[in-house]
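Now for the letters of each chain:
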Protein chains: 2
Amino acid sequence: MHNEFDLVARHFYRPTPQTRLGPGDDGALLCPAPGMELAVTSDMLVCGVHFLPDADPGNLGWKTLAVNLSDLAAMGAKARWALLAMSLPAADEDWLAAFSEGFYACARTFGVDLVGGDTTRGALSLCVTALGEVPAGEALCRDRAQAGDDLWLSGHPGLAALGLRHLQGEIVLPEPLCRLCLHRLHAPAPRLALGERLRLIAHAAIDISDGLMADAGHIAERSGLTAEIFLHRLPRLPQGVEQAVAREALLCGGDDYELAFTASPRQRPALARIAAQLDIPLWRVGQMRADAATPSARLLDSEGKIVPLVKQGYDHFHAPFSGASPFSLAKE
Amino acid sequence: MHNEFDLVARHFYRPTPQTRLGPGDDGALLCPAPGMELAVTSDMLVCGVHFLPDADPGNLGWKTLAVNLSDLAAMGAKARWALLAMSLPAADEDWLAAFSEGFYACARTFGVDLVGGDTTRGALSLCVTALGEVPAGEALCRDRAQAGDDLWLSGHPGLAALGLRHLQGEIVLPEPLCRLCLHRLHAPAPRLALGERLRLIAHAAIDISDGLMADAGHIAERSGLTAEIFLHRLPRLPQGVEQAVAREALLCGGDDYELAFTASPRQRPALARIAAQLDIPLWRVGQMRADAATPSARLLDSEGKIVPLVKQGYDHFHAPFSGASPFSLAKE
């Protein structure tokens, strides 16, 4: 029978080579490098809202850290440290062992030290704070998009949302698409390498956690511009699934944690090189315009006509996890 | 009807004068001062475990931040920034307004910028990450106590625990003691000014969140020493309550968030000056000894005999909030 302190120590006190003082004291001590600013973000994942009660604990451990690192990627920061606060219904050693394996697998992959946190009894919820470094003045923010910027998108967002709908029994995905979608859902890879390369190239960036339309809308609102997204410039949709469903997932699915960013058209050659070097598809899906009576994102068809949307965002207080997709395309 | 983003923006986006980029982006950007190390700590407070469902939201807001700042105090850090991740069962505007008032009252009092966080739906729980600065090499840790050190205690710990027992109907406190105890329980004052003054004076420090015996035990274990605490050197017990109950609260009550620390006997004059300047009582309650077969804290009577203890710590997996006190004195 282990008590709280034993359990935490057994699974979460691993070496922290890039940290002056790791777990086990009142707090951790970090030494940011000279000339660096510190990017910091917190996310809370709640059982029944962000993941299902029977979620594989190894996948969950990976994802809990990955979604926070994705925020650092969107700032152009190098990920360095994390803290993990957990509320657990019981001291389940097998669950903790698997969760910590997944968490540390993600931490190792992206060079992060777990430096502290908290453990308490309660309904299962997980709160990670992630810290990274970015050279002073080079962080990517949401509010710096400029009129005339291209709007870019990384990877193939939407696959994770398709995986979720498959798990919820709403659609049936064929193999090998199903496996790919579930992998993206369970083990998203935060775009840290891309984020670092976008410093001094992108004007504004965001990670897609609420969906492309909603998150491009956040850039637009914060920058006082309109984000125009062209239907015919979107990534090709996967085969083996109804195309309207796949498009909805692409436009509203956030669980892939890809990046959306804006950059001057002069940066197109540089971005082509980055895409090739990192082997990440980068799609030039739209542009930022200054004619913004109400800054927002809008979807346009190939003739430049607006494609009406029902709802753009995900709101935890109105969209139950198991309910309908929080976004749907109105009739085109 | 407000959505999640409106609600958070309305109550939690206030100016962050000491921060390069505050809430509203993927993360915040902090600029630690040159030559400083960063102290960072996370605590999660869960409804039904750390506070009652009908807790006053203003008090709760204050305390949620204060308990984290107490960890920074125990490191000797100057508090600077905090992030707040909340899981809320409903978007209750009145509750959020009162909670944010309490939170910001604490933040203003101790010079902290709220720079970011997260809001989600779920059972009520609150996770704060607090960040502070401390000159490189001067942080107070738990593992630096030296044999021969005095063991010191600040303030009057135990009052908050008495207040809790009063609220739970286990004891009845007379006025004005009752009001004092409830104030300590609801609005603990983290000992940040004391922590900063203890840099280069104390060898080891901890904030008392698990109780004096347990937390002195943490210093002892981490330093490989025995902490001897003398019954006759403890602060005078409050009048109007059974003395055995008051003593138990003093030895096991953690909710006051006082500091325990060790220092060389040569520092007694300096500590007397600090106590006078800050108007905080400092009690020299014991000493650190090297004869530690099993490093721990022990309580001794005036003849040097060990006073047996039943249980020293608080373990969230074994001690329900509403149950018996997690610590009790055996027969003296």
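Rules and cut-offs
- Residues numbered from 1 in each chain as written.
- Chains lettered and ligands numbered in written order.
- Predicted model: local features only at pLDDT ≥ 70, side-chain atom pairs only at ≥ 80, totals over all residues.
- Heavy atoms only, no water.
- Pairing = 2+ DSSP bridges.
- Helix = DSSP H or I, 4+ residues; strand = E, 2+ residues; numbered from the N terminus.
- Axes fitted to C-alpha atoms, helices over the stretch in contact; angles between N-to-C directions.
- Contact = heavy atoms within 4.5 Å.
- Least-squares fit on C-alpha atoms with pLDDT ≥ 70 in both.
- Expected span 1.5 Å × (residues − 1).
- Buried < 20%, exposed > 50% of the residue type's maximum accessible area, 1.4 Å probe, protein only.
- Polar contact = N/O pair within 3.5 Å; in protein donor to acceptor, adjacent residues only side chain to side chain.
- Phe/Tyr/Trp six-rings, centres within 6.5 Å; stacked < 30°, edge-to-face > 60°.
- Lys NZ or Arg CZ within 6 Å of the ring centre and 35° of its normal.
- Buried area = accessible area lost by both parts, 1.4 Å probe.
- Salt bridge = Lys/Arg side-chain N within 4 Å of Asp/Glu carboxyl O.
- Domains from an automatic or database assignment.
- Nonpolar A, V, L, I, M, F, W, Y, C, P; charged D, E, K, R; others polar.

## A short note on the pairing of strand β11 (residues 297-300) of chain B
All names here are of chain B.
Now for step 1: Bridging between strand β8 (residues 226-230) and β11 involves four bridges; their strand directions are parallel. The partner of E228 across the bridge, within β11, is R298.
Now for step 2: As paired elements, β11 and strand β12 (residues 306-307) share two bridges and run antiparallel to each other. Bridge pairing in β12 links L300 to I306.
Now for step 3: Linking β11 to β12, which pair antiparallel, is a turn of five residues; within it G304 sits at a positive phi near 85 degrees.

## What about the sheet that holds strand β2 (residues 36-46) of chain A?
Sheet strands pair via backbone hydrogen bonds, and the direction of the pair is either parallel or antiparallel.
Now for step 1: Spatially, five strands are ordered β4(A)-β3(A)-β5(A)-β2(A)-β1(B) in an open sheet, and the strand pairing comes out mixed. Of all the strands in the sheet, just β4 (113-121) of chain A together with β1 (28-30) of chain B have a single pairing partner and so form its edges. Each neighbouring strand pair of the sheet contributes to a mean axis angle of 20 degrees, computed without reference to strand direction.
Now for step 2: Here β2(A) runs beside β1(B); their pairing, made up of three bridges, is antiparallel. Within β1(B), the residue paired with A39(A) across the bridge is L29(B).
Now for step 3: Strand contacts of helix α2 (residues 57-75) of chain A: β2, β3 (78-88) and β5 (125-135) of chain A together with β1 of chain B, with the helix running at about 140 degrees to β2(A), the strand carrying the most contacts.

## Re the sheet that holds strand β3 (residues 78-88) of chain B
Now for step 1: Across the sheet, which stays open at both edges, the five strands sit in the order β1(A)-β2(B)-β5(B)-β3(B)-β4(B) with mixed pairing between neighbours. Strands with a single pairing partner mark the edges of an open sheet, and in this sheet they are β1 (28-30) of chain A together with β4 (113-121) of chain B. Along the sheet, successive strands turn relative to each other by an average axial angle of 20 degrees, direction set aside.
Now for step 2: Pairing geometry for strand β2 (residues 36-46) of chain B and strand β5 (residues 125-135) of chain B, over 11 bridges, is antiparallel. Following the sheet pairing, V40(B) is matched in β5(B) by L131(B).
Now for step 3: Set on the sheet, helix α2 (residues 57-74) of chain B makes contact with β2, β3 and β5 of chain B; between it and β2(B) the angle comes to about 140 degrees.

## Quick look at the pairing of strand β10 (residues 282-289) of chain A
Residue and element names in this part refer to chain A.
Now for step 1: The pairing of strand β6 (residues 150-154) with β10 spans five bridges and is classified as antiparallel. In the strand pairing of β10, L153 is matched with W283.
Now for step 2: When strand β8 (residues 226-230) meets β10, the two strands line up antiparallel, connected through four bridges. Counterpart to I229 in the pairing with β10 is G286.

## Some remarks on the relation of the copies chain B and chain A
Now for step 1: With an axial shift of 0.0 Å and an RMSD of 0.0 Å, the rotation relating chain B to chain A amounts to 180 degrees. Both chain copies can therefore be described as sitting about a two-fold axis.
Now for step 2: Of all interface residues in chain B, 100% are interface residues in chain A too; the two copies therefore contact each other through one and the same surface.

## Things to note about unusual backbone geometry
Now for step 1: Residue E175(A) is joined to P176(A) through a cis peptide bond whose omega torsion reads 0 degrees.
Now for step 2: Inspection of the secondary structure assignment puts P176(A) in the loop between α4 (159-167) and α5 (177-186).
Now for step 3: A positive phi angle, close to 55 degrees, is found at Y257(A), a residue other than glycine.
Now for step 4: The topology assignment puts Y257(A) in the loop between α8 (243-252) and β9 (259-263).
Now for step 5: The phi dihedral of D279(B) falls on the positive side, at around 55 degrees, and the residue is not glycine.
Now for step 6: Topologically, D279(B) is positioned in the loop between α9 (268-278) and β10 (282-289).

## Overview of α2(B)
All names here are of chain B.
Now for step 1: Its 18 residues give α2 an end-to-end C-alpha distance of 26 Å, which sits within 8% of 26 Å, the value for a rise of 1.5 Å per residue.
Now for step 2: Among the 18 residues in α2, 17 count as buried, and that is most of the element.
Now for step 3: A side-chain oxygen of the first residue of α2 lies 3.0 Å from the backbone nitrogen of G58; this N-cap is D56.
Now for step 4: Where α2 ends, the next residue or the one after it, G76, has phi of about 75 degrees, a positive value.

## Thoughts on the environment of L88(B)
Now for step 1: Topologically, L88(B) is positioned in strand β3.
Now for step 2: Separated by 34 residues in the primary sequence, L88(B) and G122(B) place their C-alpha atoms 5.2 Å from one another.

## Some remarks on the packing of aromatic side chains
Now for step 1: All chains considered together, the criterion is met by 10 aromatic pairs over all chains.
Now for step 2: With centroids separated by 6.1 Å and ring planes inclined at 70 degrees, the aromatic side chains of W62(B) and F110(B) adopt a geometry described as edge-to-face. Note that W62(B) is positioned in helix α2 and F110(B) in helix α3 (residues 93-110), a separation of 48 residues in sequence. By the burial criterion, W62(B) is buried, and F110(B) matches it.
Now for step 3: Aromatic pair F103(B) and Y104(B): ring centres 6.2 Å apart, planes at 75 degrees, arrangement edge-to-face. Residue F103(B) shares its accessibility class with Y104(B), and that shared class is buried.
Now for step 4: An aromatic cluster is defined as three or more aromatic residues linked by ring pairs; in this entry it consists of W95(A), F99(A), F103(A) and Y104(A).
Now for step 5: Note that R14(A) overlies the ring of Y104(A), its terminal NZ or CZ placed 4.0 Å from the centroid.

## Remarks on the interface of chain B and chain A
Now for step 1: The interface is formed by 69 residues belonging to chain B together with 69 residues belonging to chain A.
Now for step 2: Contact between chain B and chain A buries roughly 5,400 Å² in total, counting both sides, with carbon and sulfur atoms accounting for 58%.
Now for step 3: At the junction of chain B and chain A, the tally comes to six salt bridges.
Now for step 4: With its nearest N and O atoms 3.8 Å apart, the salt bridge here joins D25(A) to R142(B).
Now for step 5: Taken together, chain B and chain A are joined by 18 residue pairs in polar contact (both at pLDDT 80 or more).

## Some points on the domain arrangement of chain A
Buried accessible area, meaning the area lost when the parts come together, often serves as the stated size of an interface.
Residues and elements named next belong to chain A.
Now for step 1: Looking at the assigned domains, one finds that chain A contains domain 1 (35-135) and domain 2 (142-307).
Now for step 2: If you average the C-alpha positions of domain 1 and of domain 2, the two centres end up 24 Å apart.
Now for step 3: Facing the 19 residues of domain 1 at the interface are 16 residues of domain 2.
Now for step 4: Between domain 1 and domain 2, a total of about 1,500 Å² is buried, with carbon and sulfur atoms accounting for 62% of that surface.
Now for step 5: There are one salt bridge connecting domain 1 and domain 2.
Now for step 6: In this structure, the salt-bridge partner of D255 is K63, at a minimum N-O distance of 3.6 Å.
Now for step 7: Seen at the junction of domain 1 and domain 2, the total is four residue pairs in polar contact (both at pLDDT 80 or more).
Now for step 8: Of all the secondary structure elements, the ones that give two or more residues to the side of domain 1 that touches domain 2 are α2, β3 and β5.
Now for step 9: With 11 residues, α2 is the single largest residue contributor to the side of domain 1 that touches domain 2.
Now for step 10: For the side of domain 1 that touches domain 2, the class distribution of residues is 12 nonpolar, three polar and four charged.

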